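Close look at the chain arrangement
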Amino acid sequence: MALLNTSQLPIRAARWCLSSLSTQKSWLSTRSTCLGDKNILLMGPPGAGKTTVGKIVAHKLGLPVIDVDDDVLETAWKMPVAAKLAAVGGRCFLEEEGRALCNFSASGCVVSLTGSNPLHAEAMQHVKQSGLVIYLDVDSEDILQRLTSMKVNRIVGQEGGVSMRDILLYRKQFYEKWLDVRVLCGTGDTVEEVAEKVLKAVGRYQKSDEETFISTRCDSAGLSKQKTYFSDVVVEGLAPDGGLYVPKNGFPKIGTREWQRLIEMSYPERALVLLEKCIHPLDVSALDLRTMIFKAYGSNFASKAVAPVKHLAHNQYIQELFHGPTASFKDLALQLMPQLFAYCLPPMCNYLILVATSGDTGSAVLSGFSRLSGTDRHRTSVLVFFPEGGVNAIQKLQMMSYREGNARAVSVLSDFDFCQTNIKRMFGEAGLTGHLAVEYGTVLSTGNSINWARLLPQVVYHSSAYLDLCRDGVIKFGDPIDVCIPTGNFGNAMSAVYAKQMGIPIRKVICASNHNRVITDFINTGQYDLRGRPLMLSHSPAIDILKSSNLERFIYHVSDGNSHLVKDLFTRLDRQQHFQVPEPLLGTIQQEVLSDWCSEDDCLAAIQRVHTQTGYVMDTHTAVAKVVADRLQDGSCPVVFCSTAHYGKFAPAVFKALQIPNIPEDPIEQLKKLEVIASRPEMHREMIKCLKESAKRKHSICEAEYSVLVDQVESMIQDSFLKVM
């Protein structure tokens, strides 16, 4: 295959792609950062304080203020609003109010809408064109108290027999539909505090150019180049300099009273609020983000709670992250990430998602991208590389169940690190990426946790675990917890660190390794050493990893963004297979995380012991976390184990742990036998269904050579895109 001779870095292939396809739209995002003469439109239920907040905001910004009730409706009707309502009745009132609002025209003002304006679609479409709609999301208890003090016992649209609480809940769907920006108000927030939050929200919108991403290896010269936004990093995956993308200004900090608002929310509602704070609305609109989230965490999850927390024993809790379609924690990110990816795609190019997996990521990414529809599906394809001897029969069958034109899994006669290293090499070879862009109009991206859109949704479930403990009365907000995570590529652990940065009171993140204990050795000594270190297969294959990609983000985090240090360390790792962090930095690392490792025998013994004592069956990865937490955690606060997979995915090891003889050879029969033995948690039905569909399929196996993997990539592109064309 003839490759282009060029010094351009991989993602810049997207520019060649777009240029060759004669598109006029730039690959990188551009934004208008000023509201100009746009209005600031305050929306919310009756009693949200829109009028008072509007006056405060208008005063501080030096803008005119308009109250729709007083300045629009009463002026148009020449009578008080209450009198109009009494004269025409509730249903006619909404139509009359909407008609009046459709005739409204203003610019450069702070406008306080009525609580019922959002119920009229035509009117809201009209006013939304004039400015930024800010939703004052006020706690319903605060609303009810204010309405009671105002002696308001009924609002527009409230029929007889319907409580005030119910009508406020009904109206929420309309506010969610029209918002541009949410202002989440903490319980008991004053109007002055709400006004300050509105000003910050407007400032965030106006200064969108400041909400950018940088590489962990970015030097000062790189900071002055073209800005990189969320929509860019989702598609690019890996930074051009080989580093990983991180938010330039870190994560947003959320106050205690705002966190307390989330305690009674569902998982999708929590995810929406948190991700709105991390994704600028100019990258993904609030309404589109809501649609994606509720699709991601809906009926495709076996548990309505999505990621429930269950009490195990004493002060130990398990967060079950395996209720998604592929029975792995990866579903929590990969049911959402493909939607974000498709939404952010630039025009005209096709995209091939390359993924290396040690087991669970493969089926999860195939499942997530297979749920795309229409044009999005035609423009993306997925190619998964996995180690032939490094995944079990059930994981392999799961990946084989996805054999559509745009999804394929290929096994490699090597280990996970070989797969991951060579994918990274493809991104770094400009000749290859340029050839694929020019020849096929195709750009490479990644679905591994090096992609920011893979990592970000994981912050939600760590936050949600803490909120569940608050909801269930185990702790009060502000009380500390520890989190123990089976750790391989460090993405799960890194997302817990980020949840802590946002304000979740995590005391320690405990990283649990199996006998491939490179992370444990690093955290305890400061030395990351791969020299002469073979990868050993284990009962917990998802953490059979030696080269931990997201550790780069962690070192960047604990070194306060020292990109020069990060670049030096990981360049040294690539060239010399080892590095040592400075002693002061090691101290900082050990303040943030703890780590230990678990032997194969201890892993199986933990499964047997917990089942005997509680009736609960852990998978092998959760058992690794349990063993390590028992050693390192002092019991003075709750500890949450991340249960990263359903035990059925590792049936042979579980049979061995429970000392059950006569294990069936057929994976489906293994699951059926386990179902009889184990009652907690229930068997994963979707997994059994998936295995039945793929039981008779064969899979492709390739040699452990870089050129062979490249040939697989080109073949996948030809099969996916050229046949469609």
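Residues numbered from 1 in each chain as written. Predicted model: local features only at pLDDT ≥ 70, side-chain atom pairs only at ≥ 80, totals over all residues. Heavy atoms only, no water.

The condition is simple: UniProt positions are given in the numbering used here, feature names are shortened, and annotations may be inferred rather than shown by experiment.
Per an unreviewed UniProt entry, the protein is named Threonine synthase N-terminal domain-containing protein, and its organism is Oreochromis aureus. The Sequence similarities (unreviewed entry) comment attached to the protein in UniProt states, word for word, "Belongs to the threonine synthase family." Per its UniProt entry, the protein bears the Pathway (unreviewed entry) comment "Amino-acid biosynthesis."

As for the overall build of the protein
What counts here: Put simply, DSSP H or I for four residues or longer makes a helix, DSSP E for two residues or longer makes a strand, and each gets a number counted from the N terminus. Both definitions apply: the radius of gyration is a C-alpha atom measure, and the globule rule equals 2.2 Å times residues to the power 0.38. Burial here depends on accessible area, computed with a 1.4 Å probe over protein chains only, as a share of the maximum for the residue type. Under 20% is buried, over 50% is exposed, and the range in between is partly exposed. Contact between two residues is taken to exist if any of their heavy atoms lie within 4.5 Å; hydrogens are not considered. Under the counting rule used here, the positive set is Lys and Arg, the negative set is Asp and Glu, and His together with the chain ends is not counted. Note that the charge is assigned to NZ on lysines, CZ on arginines, CG on aspartates and CD on glutamates.
For the protein, the helix and strand inventory stands at 33 helices and 20 strands. The C-alpha radius of gyration computed for the protein amounts to 27 Å, which stays within 12% of the reference 27 Å derived for 725 residues, consistent with globular compactness. With the C-alpha coordinates aligned to their principal axes, the bounding extent of the protein is approximately 85 × 65 × 55 Å. Relative to its full complement of 725 residues, the protein shows a buried share of 60%. By sequence separation, contacts in the protein at least 24 residues apart represent 77% of the contacts at least 6 residues apart. Positive and negative side-chain charges of the protein, numbering 76 and 77 respectively, have mean locations separated by a distance of 1 Å.

Details of the side chain of Gln712
Tracing the backbone shows Gln712 in helix H33 (residues 706-722). On the basis of relative accessibility, which here comes to 19%, the residue Gln712 falls in the buried class. Ignoring sequence-local partners within four residues, the contact set of Gln712 consists of Leu383, Phe385, Val410 and Cys702.

Topic: the environment of Leu272
Relative to the elements of secondary structure, Leu272 occurs in helix H13 (residues 267-278). For Leu272, the residues in contact, after removing those within four places along its chain, are Glu176, Arg182, Ala286, Leu289, Arg290, Ile293 and Phe294.

Quick word on the side chain of Thr487
Let me state the cut-off plainly: Any pair of N or O atoms that falls within 3.5 Å is considered a polar contact. Within protein, one atom must be able to donate a hydrogen and the other to accept it, and sequence-neighbouring residues count only if both atoms are side-chain atoms.
Mapping Thr487 onto the fold places it in the loop between strand E14 (481-486) and helix H23 (491-502). According to the relative accessible area criterion, Thr487 is buried, its value standing at 4%. Polar contacts involving the side chain of Thr487 include one to the main-chain carbonyl oxygen of Ile485, which spans 2.7 Å.

A word on helix H26 (residues 563-576)
Heads up, the condition is: The span one expects for a helix is its residue count, reduced by one, times 1.5 Å.
In this model, H26 (14 residues) spans 19 Å end to end at C-alpha, consistent with the 20 Å of a helix rising 1.5 Å per residue. Contacts made by the buried residues of H26 are with strand E16 (527-529), helix H25 (551-558), strand E17 (578-580) and helix H27 (583-592). Residue Gln577 follows H26 closely and has a positive phi angle near 70 degrees.

Focus: the packing of helix H14 (residues 286-296) against helix H16 (residues 337-344)
In helix packing, the relevant descriptors are the interaxial angle and the interaxial distance, both defined with respect to the helix axes. What counts here: To obtain an axis, a line is fitted to C-alpha atoms, over the contacting stretch when the element is a helix, and the angle between two such axes runs from 0 to 180 degrees between their N-to-C directions. Oblique is the label for every angle not falling under 35 degrees (roughly parallel), over 145 degrees (roughly antiparallel), or within 65 to 115 degrees (roughly perpendicular). In this scheme, a crossing is called left-handed if the near helix is turned counterclockwise away from the far one by less than a right angle; it is called right-handed if the turn is clockwise. Each residue gets one of three labels, nonpolar for Ala, Val, Leu, Ile, Met, Phe, Trp, Tyr, Cys and Pro, charged for Asp, Glu, Lys and Arg, and polar for the others, Gly among them.
Running from N to C, H14 and H16 point in directions that differ by 150 degrees, and their axes come no closer than 9 Å. In terms of orientation, H14 and H16 fall into the roughly antiparallel class. The handedness of the crossing between H14 and H16 comes out as right-handed. Contacts from Asp288, Leu289, Met292, Lys295 and Ala296 in H14 reach Gln339, Leu340 and Tyr343 in H16. Partitioning the contact of H14 with H16 into residue classes produces 5 nonpolar, 1 polar and 2 charged.

Points about the UniProt feature "modified residue: N6-(pyridoxal phosphate)lysine" (unreviewed entry) in the protein
UniProt tags Lys330 as "modified residue: N6-(pyridoxal phosphate)lysine" (unreviewed entry). By the element assignment, Lys330 lies in the loop between strand E9 (316-320) and helix H15 (331-334). Judged by relative accessible area, Lys330 falls into the buried class, the value being 8%. Dropping the residues within four chain positions of it, Lys330 is found in contact with Asp360, Thr361, Ala364 and Arg454.

Observations concerning the confidence of the model for the protein
Rules: Per-residue confidence from the predictor is reported as pLDDT, a score between 0 and 100.
Predicted confidence across the protein gives a mean pLDDT of 90, with 93% of residues reaching 70 or more. A low-confidence stretch, residues 1-33 stays under pLDDT 50, and its non-local contacts, those more than four residues away or across chains, total 89 contacts.

A word on empty space enclosed by the protein
Under the convention used in this document: Grid points spaced at 1 Å over the protein atoms alone were grouped into cavities, where a 1.4 Å probe fits but cannot get out, and pockets, open sets with protein on both sides within 12 Å along at least five of seven lines, with lining residues defined by an atom within 4 Å of a point. Grid points are joined across faces, edges and corners, and a volume is the space filled by probe spheres set on the points.
Considering all chains together, one arrives at 3 cavities of 30 Å³ or more under this definition. Counted as a void, the largest cavity has a volume near 240 Å³. Lining the largest cavity are 24 residues, and of these Phe329, Lys330, Asn489, Ala542 and Ile545 lie nearest its centre. At the level of elements, helix H22 (452-471) and H23 are the ones that each hand at least two residues to the lining of the largest cavity. Per-element tally for the lining of the largest cavity: the top contributor is H23, with 3 residues. Of the residues in the lining of the largest cavity, the class split is 9 nonpolar, 13 polar and 2 charged.

Examining the packing of aromatic side chains
To keep it simple, the criterion reads: Aromatic pairing here means that ring centres of Phe, Tyr or Trp (its six-membered ring) are within 6.5 Å. Orientation follows from the plane angle: under 30 degrees is stacked, over 60 is edge-to-face, and everything else is tilted. Working rule: Lys NZ or Arg CZ, within 6 Å of ring centre, within 35 degrees of ring normal, means a charge sits over the ring.
Taken as a whole, this structure holds 19 aromatic pairs when the rule is applied. Look at Phe490 and Phe554: their rings are 5.1 Å apart centre to centre, the planes differ by 45 degrees, and that puts the pair in the tilted class. Of this pair, Phe490 sits in the loop between E14 and H23 while Phe554 sits in helix H25, and the two are 64 residues apart along the sequence. Phe490 gets classed as buried once you look at its relative accessible area, which sits at 2%. Using a relative accessible area of 0% as the deciding quantity, one classes Phe554 as buried. In this structure, Arg425 is placed above the aromatic ring of Tyr706, and the distance from its NZ or CZ to the ring centre is 3.7 Å. Directly above the ring of Trp597 sits Arg517, whose terminal nitrogen or CZ lies 4.4 Å from the centroid.

Some points on the nonpolar core
Looking at soluble globular proteins, one finds that nonpolar side chains tend to be buried together. Put simply, the test is: In this text, buried Ala, Val, Leu, Ile, Met, Phe, Trp, Tyr and Cys residues form a nonpolar core when linked through side-chain atoms within 4.5 Å.
One finds Tyr297 and Leu340 to be the most contacted residues of the largest nonpolar core, which totals 121 residues. With 12 residues, H22 is the single largest residue contributor to this core. Those residues in contact with Tyr297 that lie beyond four places of it in its chain are Tyr267, Pro268, Ala271, Val306, Leu332, Leu336 and Pro457. Counting residues in hydrophobic clusters, the runner-up holds 43 residues, among them Cys598, Ile607, Val639 and Leu691.

As for the layout of surface pockets
Of the volumes computed, that of the largest pocket is approximately 970 Å³. Taken together, the elements giving at least two residues each to the lining of the largest pocket come down to strand E5 (181-184), helix H9 (191-206), H13, H14 and H22. Counting residues per element, the lining of the largest pocket draws most heavily on H9, at 5 residues. For the lining of the largest pocket, the per-class residue count stands at 18 nonpolar, 6 polar and 13 charged.

Focus: the sheet that holds strand E20 (residues 700-702)
Worth spelling out the cut-off: For two strands to be treated as a pair, DSSP must find no fewer than two bridges joining them.
As summarised here, the arrangement of the 5 strands in space is E13-E10-E11-E12-E20, forming an open sheet in which the pairing is parallel. Pairing within the sheet leaves two strands with one partner each, and these edge strands are strand E13 (442-446) and E20. Neighbour to neighbour, the strand axes of the sheet diverge by 30 degrees on average, direction disregarded. Against the sheet, helix H17 (residues 360-370) contacts strand E10 (350-356), strand E11 (380-387) and strand E12 (407-412), and its axis sits at roughly 170 degrees relative to E11.

Section: helix H19 (residues 393-400)
Across the 8 residues of H19, 7 count as buried, placing the element largely inside the fold. Along H19, the residues classified as buried are Ile394, Gln395, Lys396, Leu397, Gln398, Met399 and Met400. Between the side-chain oxygen of the N-cap and the backbone nitrogen of Ile394 there are 3.1 Å, and the N-cap of H19 in question is Asn392.

Section: the pattern of salt bridges
Pairing is possible between side chains that carry opposite charge, provided their charged atoms lie close to one another. Just so we agree on the cut-off: Here, a salt bridge means any side-chain nitrogen of Lys or Arg that lies within 4 Å of a carboxyl oxygen of Asp or Glu.
Taken as a whole, this structure holds 41 salt bridges when the rule is applied. Across the salt bridge formed by Asp529 and Arg531, the nearest N and O atoms sit 2.9 Å from each other. Given a relative accessible area of 19%, Asp529 falls into the buried group. Using a relative accessible area of 46% as the deciding quantity, one classes Arg531 as partly exposed. Among the charged side chains, a network of salt bridges with common partners joins Asp137, Asp139, Lys172, Glu176, Arg182, Arg261, Glu276 and Arg290.

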